[in-house]
Amino acid sequence: MPQPLLPAAPAPNRRKVLLHTAAGALAASVALPRWARAQAGPVRIVVGYPPGGASDRAARLVAERLQQLLQRPVIVDNRVGAGGRLAAQQLVNTPADQTTLMMGNPAVMSVAPLIYKDLKFDAQKDFVPVAAVTDYDFGVAVGTGLPVKEVTHMLAWLRANPDKANAGVPATGSLPHFFALMLSYMVQIKIEVVGYRGSAPLLNDLIGGQIPLAFDTLDSLLPQHEGGKLRVLATSGAKRSPFSPNVPTFREQGLPIAATGWNTLFAPATTPKATVELLGRTVFQIMSEPELRAKFTAAKMVPVAMTQAQTAAALTAFNAQWSPVIRRSGFKPES
């Protein structure tokens, strides 16, 4: 039996609200450098996923306000393909005279570099973080037919039924996949991870009793949980999710494990430093504004206000937490 892999030290609290004073926010909005106002052409925010998804919705909320503050057109550009990697590859090749950002997530910026050998980009060298935008939690859920109501019950059931210790995830190589393995290593219970082609078929099988438990993003699990079709046992954040305040965290149930996913804006490393700093300050202001934060919350997304330096530190801590789990898994993508 492998030794449990203890989680890294907690990452900086990405959810801490870092608000400007009213005067500071006003100054930031009106004291835009003349060179920034004078630059020709739009700002593009590349999203590697189709319209309507969480990354796309986050990008569009930021873009609307960013356009007002920069006094330049801001366009969301959906470059779909290869699980978001196509967008990153194209961002690397952005001409230096264009201002282009990417709404990145862990699948592209943290997981892909560890499991793909033929990436056309280097996540550490080719990009620079600009500002965090949102966080999201994971959850573990069981079907209502399983006699399990707490995480401790789930672990006892898994130990008593090793031949049934299967957990579904929305995709192999996804963050929920590696979160399931992180938990497996910690509690020293072998869990067989079963990958699906998305959350819909996974939850159908969970509800139908074809698989006993599932790990997925909380926003995917909650509608069926609230409808009484499945039971979310725990959430992965350091504190309870505002969208499921009645569901305890893993930590509250005795497991010292916490992890979140994120959406963060990145720029090509060739972007002038002054441009990156300006964009970072502006997005920080945007994500600090109560009105915009309310829009994110209404869309079931947790808004995050972090400076560029804080964003970079949080990403470093995130990679330190997840890299050992991903490497230890030995996971190799099919293509």
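Residues numbered from 1 in each chain as written. Predicted model: local features only at pLDDT ≥ 70, side-chain atom pairs only at ≥ 80, totals over all residues. Heavy atoms only, no water.

A. Representation of the overall build of the chain. A tally of regular secondary structure across the chain gives 12 helices and 11 strands. The proportion of buried residues among the 335 residues of the chain is 51%. Taking all contacts inside the chain whose residues are at least 6 apart in sequence as the whole, residues at least 24 apart take part in 77%. (Helix = DSSP H or I, 4+ residues; strand = E, 2+ residues; numbered from the N terminus. Buried < 20%, exposed > 50% of the residue type's maximum accessible area, 1.4 Å probe, protein only. Contact = heavy atoms within 4.5 Å.)

B. The sheet that holds strand β9 (residues 230-235), seen in detail. Taking strand neighbours across the sheet as the criterion, the five strands line up as β7-β6-β8-β5-β9 in an open arrangement whose pairing is mixed. Here the strands that pair on one side only, and so sit at the sheet edges, are β7 (192-195) and β9. Neighbour to neighbour, the strand axes of the sheet diverge by 30° on average, direction disregarded. Relative to strand β8 (residues 213-217), strand β5 (residues 138-143) runs antiparallel, the two being bridged by five bridges. Looking at β8, one finds that Phe138 is bridged to Thr217. Against the sheet, helix α8 (residues 199-208) engages β5, β6 (166-169), β8 and β9, with an angle of about 150° to β8. Along the sheet, helix α9 (residues 218-226) makes contact with β5, β8 and β9, crossing β9 at roughly 140°. (Pairing = 2+ DSSP bridges. Axes fitted to C-alpha atoms, helices over the stretch in contact; angles between N-to-C directions.)

C. Expanded view of the packing of helix α3 (residues 54-70) against helix α11 (residues 290-298). At a closest axis distance of 11 Å, the pairing of α3 and α11 adopts a crossing angle of 160°. Comparing their axes, α11 and α3 come out roughly antiparallel. Remark: the crossing between α3 and α11 carries right-handed chirality. Residue-level inspection shows Ala58, Leu61, Val62, Glu64 and Arg65 of α3 in contact with α11, the latter providing Leu292, Lys295 and Phe296. In terms of residue class, the contact of α3 with α11 is built from five nonpolar, no polar and three charged. (Parallel < 35°, antiparallel > 145°, perpendicular 65-115°, else oblique. Left-handed = near helix turned anticlockwise from the far one by under 90°. Nonpolar A, V, L, I, M, F, W, Y, C, P; charged D, E, K, R; others polar.)

D. Structural context of the nonpolar core. In terms of nonpolar packing, the biggest core is built from 56 residues, with Met154, Leu158, Phe215, Phe250, Leu255 and Trp322 touching the most fellow members. With 10 residues, helix α7 (residues 175-187) is the single largest residue contributor to this core. Ranked by size, the runner-up nonpolar core spans 31 residues in total, among them Leu66, Leu69, Met103 and Val283. (Core = buried A, V, L, I, M, F, W, Y, C linked by side-chain atoms within 4.5 Å.)

E. Just the side chain of His177, in detail. Its place among the elements puts His177 in helix α7. Polar contacts involving the side chain of His177 include one to the main-chain amide nitrogen of Gly173, which spans 2.8 Å. Non-local contacts of His177, meaning those with residues more than four positions away in its chain, are made with Val169, Ala171, Thr172, Val193 and Phe331. (Polar contact = N/O pair within 3.5 Å; in protein donor to acceptor, adjacent residues only side chain to side chain.)

F. Inspection of the pairing of strand β2 (residues 74-78) at higher detail. In terms of strand pairing, strand β1 (residues 43-47) meets β2 through five bridges, oriented parallel. Residue pairing in the sheet places Arg44 in a bridge with Ile75 of β2. Regarding topology, α3 serves as the crossover connection from β1 to the parallel β2, and that connection is right-handed. (Right-handed = clockwise from strand over helix to strand, strands pointing away.)

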